[in-house]
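# Residue-level structural notes
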Amino acid sequence: MTALLETRDLTARYGDFQALFGVDLTLGEGETVAIIGANGAGKTTLMRSLSGVLRNGPDSIRFDGRGIGDLPADEVMAMGIAMVPEGRKLFPSLSVEENLQIGAYGRNTGGYWSLDTVYDLFPVLKERRSNPGTALSGGQQQMVAIGRALMSNPRVLLCDEISLGLAPVIIKDIYKAVPKIRASGASMIVVEQDIGQAMAVADRVYCMMEGRITLSGSPDALSREAIHNAYFGAAA
Amino acid sequence: MIWVDTIIQGILLGGLYALFAAGLSLVFGIMRLVNLAHGDLIVLGAYLILLLVTLTGLSPFVAAAVAMPFMFALGFGLQKFMLNRVLGDDILPPLLVTFGLSVVLQNALLEGFSADSQRIQAGPLSTASIQVAGLNLGVMPLMTFGSALVVIIGLNQLFYRTSLGRAFRATSDDPTTASLMGIKPAGIFAKATGIAMIIVTIAALYLGMRSNFDPSIGPARLIYAFEAVIIGGLGSLWGTLAGGVIIGVAQTVGAAINPEWQILAGHLAFLIVLLVRPRGLFPRAVD
């Protein structure tokens, strides 16, 4: 399998604080990878680096064989890496439909995803299309954030903590969309604190702790104990 | 009847203030930048139109249309090469830079055009009037107000009907998340300032045709514009028109009571609105 997106020895820091220590990660074409880890493990920093919000050395992140680590977020997005940011980050001045439309602002390649197909994926959004995005419930807002990222027909979809703050029944609903997103051809990186959902949809899992990847493998091959140790550190 | 006439004249005068203010409102709404050189840029626009009229004999309206692309380019470049560098969490650096720009513009205009007051000649249009329901309405004030309406409606269409307008609003909400949508905030800001300069050119046209101007009058135009924006509520375009009208009506009513009161009455109206509605008449829901 050839790598669509990979990081090599990726380090990231905020001033004096180093958040990532030499992360190596590979995402294959058509693959879905889950990144799990506790709060502060560096998952969001990794996503911010991949999406171009944090800038790195050019070759620390390669996409489709090209170094993109030093590109700004808008150029990364135009190449086909779309992000569902942590906390959803809908635009309060835009209606639900406008929030979706703006997802295609920097990349409008045509493809499976359009307003119609996003409304098919999340029918409730069609009823609320004229409401301000922020007037929706948390789960519906998350649907808008996912639909917004899909509107650009990305090759890679980055999902940062999409279950954060949502009731389990809603999380289940949202994860029902994952197979359809995969079927559209997008590769996915799903970051979660909640291990269960992430493991269920992923082909491979990376576990992070304190800015490093401590464990990786296919979900079936990893024992609960190994994950527990990689997540919280080895039992003393 | 005299009062009806006074108030209608005030409303029409408000159109001029709304034109002064619309560009300021647009830029503030998108990037929270108060451009202290806004008034001087209007005066610069007036000189540019005057220069074109004098050199080529064009009608002022055609000259303004010719000046628009230059003013757009000026605004675009100003934002891209200067103001984008000082935009950030701290609001002081852009204020200082635009204050400096204001001083530079005034002195450059003084150097280039002298302190003599000038006027853009509009011919018979400047004194023409029409009678409506027993009131004499000047054609020039009517055109000013009409232009203000067109500008505000046009900006609203741009903001709420186009893809660029969505990008303006999204960038105003959250530049980082906007960049995740493929929007380059620096480019959006440059376009916004360019568009603001097109409106500045329209304001400059009416400023120059309606009254004398010289290099020093920019800051006073800025004050009127600023008051109109604040009265209307920051970021609201219709509010800006309402703010301009309130100042215009206050000035003409003040002048009708005592001619010395004209300017003061406008400022007092501003202070009263600020006391009663500190966030302006139509504040945006989110700031």
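Note that this is a predicted model, so its numbers are computed, not measured.

### Considering the UniProt feature "transmembrane region" (unreviewed entry) in chain B
Residues and elements named next belong to chain B. The UniProt entry lists residues 6-29, 41-71, 91-110, 130-155, 188-209, 221-249 and 261-277 under the feature "transmembrane region" (unreviewed entry), expressed in the numbering used here. For residues 6-29, helix accounts for 100% and strand for 0%, while the C-alpha atoms at its two ends are 32 Å apart. Summarising residues 41-71: 90% helix, 0% strand, and an end-to-end C-alpha distance of 9 Å.

### As for the pairing of strand β1 (residues 129-132) of chain B
Residues and elements named next belong to chain B. Pairing of β1 with strand β2 (residues 135-138) involves four bridges; the strand directions are antiparallel. Residue Q131 lies in a different strand from β2, and its bridge partner there is N136. Where β1 hands over to β2, the hairpin turn is made up of two residues, of which A133 adopts a positive phi near 50°.

### Describing the interface of chain B and chain A
Often, the extent of an interface is quoted as the loss of accessible area on bringing the components together. Taken residue by residue, the interface counts 17 residues in chain B and 22 residues in chain A. Sorting the residues of the side of chain B that touches chain A by element identifies α6 (163-173) and α7 (175-180) of chain B as the ones contributing at least two each. Ranked by residues supplied to the side of chain B that touches chain A, first place goes to α6(B) with seven residues. The class makeup of the residues in the side of chain B that touches chain A is six nonpolar, six polar and five charged.

### With respect to the sheet that holds strand β1 (residues 3-14) of chain A
Working definition: the strands of a sheet are paired by backbone hydrogen bonds and lie parallel or antiparallel to each other. All names here are of chain A. One open sheet accounts for four strands, arranged β2-β1-β4-β5; its pairing is antiparallel. Of all the strands in the sheet, the pair left with one neighbour each is β2 (17-28) and β5 (66-67). Note: strand β4 (residues 61-63) against β5, two bridges, orientation antiparallel. By the bridge assignment, R62 is partnered in β5 with G67.

What counts, and where the lines are drawn
In this numbering scheme, every chain counts its residues from 1 along its sequence in written order. Note on labels: chains are lettered from A, ligands numbered from 1, in written order. Under the rules for a predicted model, residues below a pLDDT of 70 receive no local features and side-chain atom pairs below 80 are neither given nor counted, while totals for whole chains, interfaces and linings still include all residues. UniProt positions are given in the numbering used here, feature names are shortened, and annotations may be inferred rather than shown by experiment. Each helix is a run of DSSP H or I of at least 4 residues and each strand a run of E of at least 2, with the numbering of both proceeding from the N terminus. Strand pairing is assigned whenever DSSP detects at least two bridges linking the two strands. By the convention adopted here, residues make contact when the C-beta atoms placed from their backbones lie within 7 Å. When residue character is reported, Ala, Val, Leu, Ile, Met, Phe, Trp, Tyr, Cys and Pro are called nonpolar, Asp, Glu, Lys and Arg charged, and the others, Gly included, polar.

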